Amino acid sequence: MNIIINGEKIEAKQGKSILQVAREKGIDIPALCNLIDEKPIGSCGLCVVKIRKGSKTYYSRACTTKIDEGMEIETHSPEIEDTRKTILEMIAEEHKEIKGEAKELFLKYGIKLKGDNKKAMPKLAENPFISFNPEACISCFRCVQACSLIKENHVLVRENRGMNTQIVAGINEALKDAGCAFCGACVDACPTGALMDLTARVEKETKKITSICPYCGVGCAIDYYVSGEEIIYAKGSPNGVNKGDDCIKGRYGWQFVHSEERLKKPLIKKNGKFEEVTWDEALNYVASRLKEIKEKYGADSIAGLSSAKCTNEENYLFQKFMRIVVGTNNVDHCARLCHASTVVGLFKVFGSGAMTNSLEDLDKDAELYFVIGSNTTHAHPVIGTMIKRSVKGRGAKLIVADPRDIELAEYSDLHLRHRPGTDVSLINGMMNVIISHGLEDREFIENRTEGYEKLRDVVKKYTPEYVEKITSVPKEDIIKAAVLYATHKSAIIYAMGITQHTSGTANVASLANLALLTGNVGKRGTGVNPLRGQNNVQGAGDMGALPNVLPGYAKLGTRRAREIEKTWGGKIPEKEGLTVVEIMHAASKGMIKGMYIMGENPAVSDPDQKHVIQALKNLEFLVVQDLFMSETAQLADVILPAASSLEKEGTFTNTERRVQLLHRVLEPVGDAKPDWWIIQEIAKRMGADWNYKSPKDIFEEIRKVVPQYRGITYERIDKFGLQWPCPDENHESTKILHDDIFPTPNGLAKFSPYEYEPPAEEPDEEYPFVLTTGRTYEHFHTGTLTRKIEGFNELIPEAFVEIHTEDAEKLGVKDGDCIEVESRRGKIRVKAKIAGIKKGVVFIPFHFAESAANILTNDALDPEAKIPELKVAAVRLKKCQ
Amino acid sequence: MILLNDARNIEDYLENGGFKALRRALEFEQDEIISEVESAGLVGRGGAAFPTGLKMKFVKNEKNTPKYIIANADEGEPGTFKDRGLMEKNPYQILEGMIISAYAVGAKKGFFYIRYEYREIAEKIKNKVKELHRLGILGNNIYGSKFSFDIEVVLGAGAYICGEATALMESIEGKRGYPRIKPPHSTQRGLWGKPTLTNNVETLANIPVIINMGGEKYHKLGKEGCSGPQLFSISGFVKRPGIYEYILGEKTIGEAIELAGGVDGNFKGVMLGGGASGYILNRDYLDMPLCFSDAKKRGVALGTGDIIVLNESVRIWDMLLNIAKFFEHESCGQCFPCRYGTRRMREIIEKIVNGKGTSEDIKKLNATARAMKIASLCPLGKSAMTAYESAMKNFHDELMEVIK
């Protein structure tokens, strides 16, 4: 398309606005309200230009006017510049404290701010993270656009009209009450400094350092702005998987690093009290006690818990330490509690236990999301935003299966509120419908799978009528879900709601079966996508911090194991080790005597808390390595202060198998040391000949041992990570698994049907409610990090139990009343929160040690993956006396 | 009288040939109706004077369905009250025009949008819609034809801006009443993104007239450049204020004032056209025929057809302040030029009325007027300074007298 701008002939693409084209050509047209080029709001009027088209001459906004063949455009004629000046002068008459981008514009046009009226403070200012200055707010609506169009949160809105127009949250509420996600998109969009991060301040020298967020498995890149040794603010980096998005934890969750409560010196418990000691004393003591126990009771009397919060290098070193320095395979980590069943279930069907697709293709190409057992907007918020945006922005379909009215349910085409623990039945039911409607992908089944007949026979009895009886989902909805799923390019997204069951492996395998049946594997926008809970839960598994496999999932006692032995120069025991819950059982029975826990808090995170604490107390020696005096650390004999992930280097592997490099943002606080340094120092004192000078040294060894990581180097991932498998340095990295063959012996995927088995504990007369547990948006896991942050505690200060309004009524309980929740294992008291949840089901978040949900939960295990059933326990409720 | 007949009851309306036009129209092809309207030369009576037939054609030719029709009864211009009178006295003629228009463009659903201040009328219209349903004049298979149509009455929430067609649509959709960015025009993407015909209620009342007498004959009512009857709201310093119906072009402004009993006091001027956004004119305009083309020739417009008569007691700056206050109060706040401009206009005029105006203030007013015209998003902002600019021309000396 040919147009003329300021006398110059320009060729540009149809569909672009005049503003876009002009800016591409370096013509500076001012605009204060413009945020999304494709969705202009035309509010400020500053970008107005003069257009001649045919015989007509008129003025129009450059942002809202699409270019048209033969247009002659003038961008800076005298009357237009006068108009801009007049608009700016009029703003200047009403405001006085404008900063940032807008201030530059006033300077450029030589206009002084003269406003002096005292504007009222709207209620949205009452919040712990974002400041609001009404004197600076020009109601340009960029924040409203960011909140609604970019984030699909719809919290910030406009109120009143004319000069009284103002930005408010909800119906003029505090941000928290209006459902604000504290993603900070409004702050980033604001051109006047009216909205700012509360911690932000102007400093002469501010460094920007990009690293990876320490919270969930999405692995967002965060830009940290640092002055001296202090982070002053942070925001989602445009150069990460998150493409500039972030959530409350990414944006404000770094505040724990500056907490007064950080451990700064090694501590040894002497006469029941912790005393500060030197590193030498602590390390020598740990080494000698571990040696002593090993000599006295054998290597298998020691167990280690590695950590999905630590780097790949540290996990690698930890399991290597346990295996060849201590000499046991008793090493596991919290993935046992979250995705052990994913690894087993997906391995069984696909031959590989990881997320099949990438965020990028799910974002752009999925026509339907089937979200089951994942409260995505709370637990993996950036992916939650992605789904909301796809649904609202490009019309993707959404099916949610969850007993709670999670936020995504509001955006869904269909919400299946099935009874907790009936997932296999629901999924088998969907497969039954797909086969009976002839919607299966025959070609895919024929060419890429085996065992279809077995599947067909198993799901035969799961008719919609039969499944309705088990799940309580109306049969019409089961049929609708099946047809929708089968007739679109569909992506399954799941998390702990699927995995934390005695039927966890069966749940995962059934989802994989469903994807195979409809050919929704190995293509963009499809797949089976487990969302990993911790920042490095994928990596901790890849590194072999598991009792049954070595780095790269090499099986014990195989040829690959012997190759690893060669690299390590030591013998790897062949006997499989114990898993997390088994370790605790063994400890309580006195079979495990010594334990080394790195960055985990089993006293709060593991099921049946009373039992776990008793097990830890039963140990002869416990060493805990952590940032804080966690509930577990309090039980330790030695506490070693560790550096946080913002204080060290190394790599994390995110949920989509992307290996990402950390950049050190701060120096470690006090005498805290990186975990890899601590492990090496203990190993050396136990006779190991290790000499790693940096995480990079360790990574180079990982590349030799883990074939999936072979092609990845620190240099290659300095700016942006690579996705494994990446077999050599020229390999581009693998975005989608199984696009050609499955990593099974014959290259085919294997249908692995399961029958429905009820959960280990079902409600009965004595314990009539089903308890399910999970995360809140604001807190993370056992709260070790987030509960050190004042603002987070202000938003969610204590535990609560979500309950259906009719159930609450029957108990005579009102919102905010105290409820006693009791299971066969213990009882806790929590506040009632009347919420959208299935009748007969209650939900308690597990972050709060003082009213720990895991006092109630059941440690019954999935027989294959040994994951405990954290998602279903029978409880009874009564109003507190 | 053609429009302002008293037919408040269905019996009266039917007795005087009501719904004859509809029955006839249902036998026409859609295009035949539109071409009758086109040949009649009917233009919109809501202020913008856009050719009605052409608008109908745009909507009819859109492929996208469903299509909607809106009767705009958000009569909000100060000094304009003719729609209220029409709805009270002759509501069925509006409804009949709406049904015929819907048939012509292929709309199955109509919205009758009435300003909040007319809520009693809205109740009456609702009852009449029910009545027409009972009589088979609305609903499925109207008069046994294949055409089905329904009307929903929607009450506004008290915002002047919702008289603007796209802000009105936002309001019906349950959103803030903000004008939309055009293009796309609402004939292409209107209500819920679908092709929508929006007409003022008086415009609609003309449709049965055209069908009954035929477009050619209707066209002959009036003179070159304006056809048909129009309602005029005559108020201010006049002895018999009220709604008057004249064939366009037959009367001059002066004659219309005389027919309304003449000036109460000594004549000073009139405010003509769209109420607040109208023109302030002096006695030179008394001989101007009430006709679109004559108005255009003299650089003014008939707008919604109101004449506010000013006598010598009226100070023009006072009047301008009143208008400025109205716009400041009614600016929706969506775009900066109007939001800030209407505030500034009121502040400066207030200063002048208080005797503190300087030539610097006049410069500022002129700059504001120009910026608002160039950069406002919708007609509200673009026309907010019309009164000031026309007064500056027609009462220049009086206005400048108080400026230091």
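From a predicted model like this one, the values you see are computed outputs, not experimental measurements. (Residues numbered from 1 in each chain as written. Chains lettered and ligands numbered in written order. Predicted model: local features only at pLDDT ≥ 70, side-chain atom pairs only at ≥ 80, totals over all residues. Heavy atoms only, no water.)

## Brief notes about the overall build of chain A
Part 1: Counting its regular elements, chain A contains 30 helices and 37 strands.
Part 2: Against the compact-globule benchmark of 29 Å for 881 residues, chain A has a radius of gyration of 29 Å, which places it among compact chains.
Part 3: When the backbone C-alpha atoms are referred to their principal axes, chain A occupies close to 95 × 70 × 65 Å.
Part 4: Counting only residues that meet the buried cut, chain A has 64% of its 881 residues in that class. (Helix = DSSP H or I, 4+ residues; strand = E, 2+ residues; numbered from the N terminus. Rg over C-alpha atoms; globule rule 2.2 N^0.38 Å. Buried < 20%, exposed > 50% of the residue type's maximum accessible area, 1.4 Å probe, protein only.)

## Points about the domain arrangement of chain A
Residues and elements named next belong to chain A.
Part 1: Taken domain by domain, chain A consists of domain 1 (2-76), domain 2 (115-258), domain 3 (267-338 + 536-723), domain 4 (342-530) and domain 5 (769-879).
Part 2: Centre-to-centre, using C-alpha coordinates, domain 2 lies 35 Å away from domain 4.
Part 3: Counting residues at the interface gives 17 residues for domain 2 and 14 residues for domain 4.
Part 4: With both sides pooled, the region where domain 2 packs onto domain 4 buries about 1,100 Å², and carbon together with sulfur makes up 60% of that total.
Part 5: Linking domain 2 with domain 4 are one salt bridge.
Part 6: Counting the contacts that link domain 2 with domain 4 gives five residue pairs in polar contact (both at pLDDT 80 or more).
Part 7: Classifying every residue of the side of domain 2 that touches domain 4 gives seven nonpolar, four polar and six charged. (Domains from an automatic or database assignment. Contact = heavy atoms within 4.5 Å. Buried area = accessible area lost by both parts, 1.4 Å probe. Salt bridge = Lys/Arg side-chain N within 4 Å of Asp/Glu carboxyl O. Polar contact = N/O pair within 3.5 Å; in protein donor to acceptor, adjacent residues only side chain to side chain. Nonpolar A, V, L, I, M, F, W, Y, C, P; charged D, E, K, R; others polar.)

## Quick notes on the packing of aromatic side chains
Part 1: By the definition in use, this model includes 33 aromatic pairs over all chains.
Part 2: Where Phe232 of chain B meets Tyr246 of chain B, the ring centres are 6.1 Å apart and the plane angle is 35°; that geometry is what we call tilted. Taken together, the positions of Phe232 of chain B in strand β7 (residues 229-236) and Tyr246 of chain B in strand β8 (residues 242-247) put the pair 14 residues apart, joining distant regions of the chain.
Part 3: Assessed through its relative accessible area of 1%, Phe232 of chain B is described here as buried.
Part 4: Judged by relative accessible area, Tyr246 of chain B falls into the buried class, the value being 10%.
Part 5: One aromatic cluster in this structure is built from Phe129, Phe182, Tyr252 and Phe792 of chain A. (Phe/Tyr/Trp six-rings, centres within 6.5 Å; stacked < 30°, edge-to-face > 60°.)

## Quick look at the packing of helix α24 (residues 580-588) of chain A against helix α26 (residues 609-617) of chain A
Residues and elements named next belong to chain A.
Part 1: It is at 8 Å that the axes of α24 and α26 come closest, and there the two elements cross at 60°. One way to sum up the angle between α24 and α26 is to call them oblique. The way α24 lies across α26 gives a crossing that is left-handed. For the pair formed by α24 and α26, the contact residues are Met584, His585, Ala587 and Ser588 on the first element and His611, Val612, Gln614, Ala615 and Leu616 on the second.
Part 2: Grouping the constituent residues of the contact of α24 with α26 by class yields five nonpolar, four polar and no charged. (Axes fitted to C-alpha atoms, helices over the stretch in contact; angles between N-to-C directions. Parallel < 35°, antiparallel > 145°, perpendicular 65-115°, else oblique. Left-handed = near helix turned anticlockwise from the far one by under 90°.)

## Here's the deal with the pattern of salt bridges
Part 1: A full pass over the atoms with the stated rule returns 92 salt bridges over all chains.
Part 2: As a salt-bridge pair, Glu350 of chain B and Arg346 of chain B come within 2.9 Å of each other at their nearest N and O atoms. Residue Glu350 of chain B and its partner Arg346 of chain B are both found in helix α14 (residues 336-353); the two are separated by four residues, about one turn of the helix.
Part 3: Connected through shared salt-bridge partners, Glu94 of chain A together with Glu328, Arg343, Arg346 and Glu350 of chain B make up one network.

## With respect to the domain arrangement of chain B
Residue and element names in this part refer to chain B.
Part 1: Examined at the domain level, chain B breaks down into domain 1 (10-219), domain 2 (225-311) and domain 3 (316-400).
Part 2: Centre-to-centre, using C-alpha coordinates, domain 2 lies 23 Å away from domain 3.
Part 3: For the pair domain 2 and domain 3, the two sides together bury roughly 1,100 Å², of which 68% comes from carbon and sulfur.
Part 4: The largest share of the area that domain 2 buries against domain 3 comes from Lys268, Ala276 and Ile280, three residues that together contribute 49% of it.
Part 5: Taken together, the connections running from domain 2 to domain 3 amount to one salt bridge.
Part 6: In this structure, Glu398 and Lys268 form a salt bridge, with 2.8 Å as the shortest nitrogen-oxygen distance.
Part 7: Elements with a contribution of two residues or more to the side of domain 2 that touches domain 3: β9 (267-273) and β10 (279-281).
Part 8: A per-class count over the side of domain 2 that touches domain 3 returns seven nonpolar, four polar and one charged.

## What about the layout of surface pockets?
Residues and elements named next belong to chain A.
Part 1: Counted as a void, the second largest pocket has a volume near 1,200 Å³.
Part 2: Gly179, His378, Glu778, Ile796 and Lys833 are, among the 47 residues lining the second largest pocket, the residues nearest its centre.
Part 3: Those elements that provide at least two residues to the lining of the second largest pocket are α12 (376-379), α13 (381-394), α14 (407-411), β33 (800-803) and β35 (826-834).
Part 4: A class-by-class count of the residues in the lining of the second largest pocket yields 21 nonpolar, 10 polar and 16 charged. (1 Å grid on protein atoms, 1.4 Å probe; cavity = no way out; pocket = protein on both sides within 12 Å on 5 of 7 lines; lining within 4 Å. Points joined across faces, edges and corners; volume = space filled by probe spheres on them.)

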